[in-house]
Amino acid sequence: MIDISVGVITPLLEKLTKPLPNAMVLVNLKEFSSSAHKLLPDGTLLVVSVRGDESYNDLDILKEINATMLFHDLPYLEGKVSRVHAARRYNKIPLRPIY
């Protein structure tokens, strides 16, 4: 995929240690709040992994992120949060448009 300039999704630590061209970086909210993403080159596309059971205060970080994609990562065996209700929470957050 890299040969045809289609970006793959790589974890943050992999991107920092072995950079791939055109790769998008997968970060979760804890990694993003630790500012580890600032070590990435400018223009790096971010994919933010969210579970759906975060507090609204934690989700406020999404307003400041220029994320390319949200990756909804709620485990299937997790019974306390419905996948549908968890996904609806993100519709209430005004995200910045990407141009």
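Our structure's up above, just so we're on the same page.
Residues numbered from 1 in each chain as written. Predicted model: local features only at pLDDT ≥ 70, side-chain atom pairs only at ≥ 80, totals over all residues. Heavy atoms only, no water.

Novice: Would you take a moment to explain the pattern of salt bridges for this structure?
Specialist: Opposite charge on two side chains lets them pair, provided their charged atoms get close. Following the criterion strictly, the structure yields one salt bridge and no others. Here E14 makes a salt bridge to K18, at a shortest N to O gap of 3.4 Å. According to the relative accessible area criterion, E14 is partly exposed, its value standing at 36%. With a relative accessible area of 55%, K18 lands in the exposed category. (Salt bridge = Lys/Arg side-chain N within 4 Å of Asp/Glu carboxyl O. Buried < 20%, exposed > 50% of the residue type's maximum accessible area, 1.4 Å probe, protein only.)

Novice: Teacher, can you tell me more about the pairing of strand β3 (residues 46-50) here?
Specialist: Regular strands show a simple pattern: their side chains alternate between the two faces of the sheet. With respect to burial, β3 is a largely interior element, five of its five residues being buried. Side chains of β3 alternate between two faces, with L46, V48 and V50 and V47 and S49 buried alike. Judged from the five bridges that link them, β3 and strand β4 (residues 67-72) form a sheet pairing that is parallel. Its bridge partner being in β4, V48 is matched across the sheet by L70. (Helix = DSSP H or I, 4+ residues; strand = E, 2+ residues; numbered from the N terminus. Pairing = 2+ DSSP bridges.)

Novice: Explain the side chain of K15 here, please?
Specialist: With respect to the element layout, K15 can be found in helix α1 (residues 12-17). The side chain of K15 sits in the buried core without any salt bridge; E14 is the nearest counter-charge, 11 Å away. Here the side chain of K15 touches L20 through a polar contact of 2.8 Å, landing on its backbone oxygen. Ignoring any residue separated from it by four or fewer positions in sequence, one finds K15 in contact with T10, L20, A23, V25, L40 and T44. (Lys, Arg positive; Asp, Glu negative; His and termini not counted. Polar contact = N/O pair within 3.5 Å; in protein donor to acceptor, adjacent residues only side chain to side chain. Contact = heavy atoms within 4.5 Å.)

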